[in-house]
Amino acid sequence: MKPHLYLSLLPEALVASHLDPATFGAYLATGSRKRARGQAIFFRLSDDYSAAKLAELDVSPDLERGDTANPRHSAYLSIYRVLETTPLEALEALYLVTNDGRVLELSPADYFRVEGPRFHLYQEFAPITPRVVSTLGPRQFGKQITDPAQRVSVPTLVYAELDLQRLADDPEAENIDDLPYYNLEHLRDCLRELRTKVGKPTKTVIRYLQQDVLFRTLYRGFYVAKAGEGFRFFPFPDRETLETQHYPWWRSALSTWGA
């Protein structure tokens, strides 16, 4: 059986498994007995990098199970500084798993800048998990947070942009009640602070991730920024594509509770 290497983001970990991405994702979400429920997000690492890493760690292809007839579901190889030590080129695909085990694959694509909006809402996933608002676009935000010259920085960051609807241009906008975020008035206050404080590009909305992220609030996709201008983009499908090509996953995502 061929071993795969996965970089889990919830929590950050390097995991080896004989399971393919869809089966591994379902296993993370529901467990082997289908009694658990929990969202998962992980990268599949390239075959070349996986083979080299397993050799470096002296892990055999049977994942030290000693039983070649049954696949090993997961073997945790590292839980510390995994993201920052993984080359961006090794990130082959990103998988979003709903809490009932439905798996959506996102492939990397070229990033293109989109004009506007004025404000952005970002959820960080690893190695830190605050939710922040910012006046910086996705690429500029990643560049700043991974800049070692800044007072606070991280070597690498995985983050996603979330939908703000009309609040993206106006913190006072009305008729945004379908935004499912907890404490919308606090979100408005954070946006107002960015509007009034010149030179302040970011403001923390939530200090750490406490609940599942609602996949239906994702806007454009996921980003990976690395110190030294490294950057990768994993676009999220538009609503029509989700409804026509990924409906079981989308239906599951719509029924998920979170923040």
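Here, every reference points to the structure presented above.
Residues numbered from 1 in each chain as written. Predicted model: local features only at pLDDT ≥ 70, side-chain atom pairs only at ≥ 80, totals over all residues. Heavy atoms only, no water.

Visitor: I keep staring at the packing of aromatic side chains and nothing clicks. Help me out?
Guide: Where two aromatic rings form a pair, the distance of their centres and the angle of their planes describe that pair. Taken as a whole, this structure holds 18 aromatic pairs when the rule is applied. Relative to F24, the ring of Y6 has its centre 4.2 Å away and its plane inclined at 10°; by these criteria the two rings are stacked. Of this pair, Y6 sits in strand β1 (residues 4-9) while F24 sits in helix α1 (residues 21-30), and the two are 18 residues apart along the sequence. For Y6, a relative accessible area of 0% corresponds to the buried category. Between Y223 and F233 the ring centres are 5.2 Å apart and the planes differ by 10°, which places this aromatic pair in the stacked class. Here F233 lies in strand β12 (residues 230-235) and Y223 lies in strand β11 (residues 218-226), a separation of 10 residues in the sequence. For Y223, a relative accessible area of 0% puts it in the buried group. (Phe/Tyr/Trp six-rings, centres within 6.5 Å; stacked < 30°, edge-to-face > 60°. Helix = DSSP H or I, 4+ residues; strand = E, 2+ residues; numbered from the N terminus. Buried < 20%, exposed > 50% of the residue type's maximum accessible area, 1.4 Å probe, protein only.)

Visitor: How should the side chain of S134 be read in this particular structure?
Guide: Summarising the element assignment, S134 is placed in strand β8 (residues 131-134). Taking relative accessible area as the criterion, S134 reaches 0% and is therefore assigned buried. Within the structure, S134 has its side chain in polar contact with the backbone nitrogen of L136 (distance 2.9 Å). The residues touching S134, leaving out its near neighbours within four places in the chain, are R118, F119, H120, Y122, F141, L194, P201 and T202. (Polar contact = N/O pair within 3.5 Å; in protein donor to acceptor, adjacent residues only side chain to side chain. Contact = heavy atoms within 4.5 Å.)

Visitor: Help me understand the pattern of salt bridges in this model?
Guide: Where charged atoms from two side chains of opposite charge approach closely, those side chains can pair. The full count for this structure, using the stated rule, is 14 salt bridges. Taking the shortest distance from any N to any O, the salt bridge between R188 and E185 comes out at 3.1 Å. Here R188 pairs with E185, and both are found in helix α4 (residues 184-196), just 3 residues apart, close to one helical turn. Exposure remark for R188: the relative accessible area of 7% places this residue in the buried category. One salt-bridge network, held together by shared partners, links E172, D189, R192 and R195. (Salt bridge = Lys/Arg side-chain N within 4 Å of Asp/Glu carboxyl O.)

Visitor: Honestly, the sheet that holds β8 in this entry has me stumped. Any pointers?
Guide: Backbone hydrogen bonds hold the strands of a sheet together, and the pairing may be parallel or antiparallel. Strands sit in the order β10-β8-β7-β9-β11-β12 across an open sheet of 6 strands; the sheet is antiparallel. Looking at the sheet topology across the chains shown, the edges are occupied by β10 (202-206) and β12. Strand-to-strand twist of the sheet, defined as the mean angle between neighbouring strand axes without regard to direction, takes the value 30°. For strand β7 (residues 120-126) and strand β9 (residues 156-162), the ladder comprises 5 bridges, and the chain directions are antiparallel. Among the inter-strand pairings, Y122 is bridged to a residue of β9, identified as E161. Sitting on the sheet, helix α3 (residues 138-145) touches β7, β8, β9, β10, β11 and β12, and the angle it makes with β9 is about 150°. Sheet strands touched by α4: β7, β8 and β10. Its angle to β10, the strand with the most contacts, is close to 170°. (Pairing = 2+ DSSP bridges. Axes fitted to C-alpha atoms, helices over the stretch in contact; angles between N-to-C directions.)

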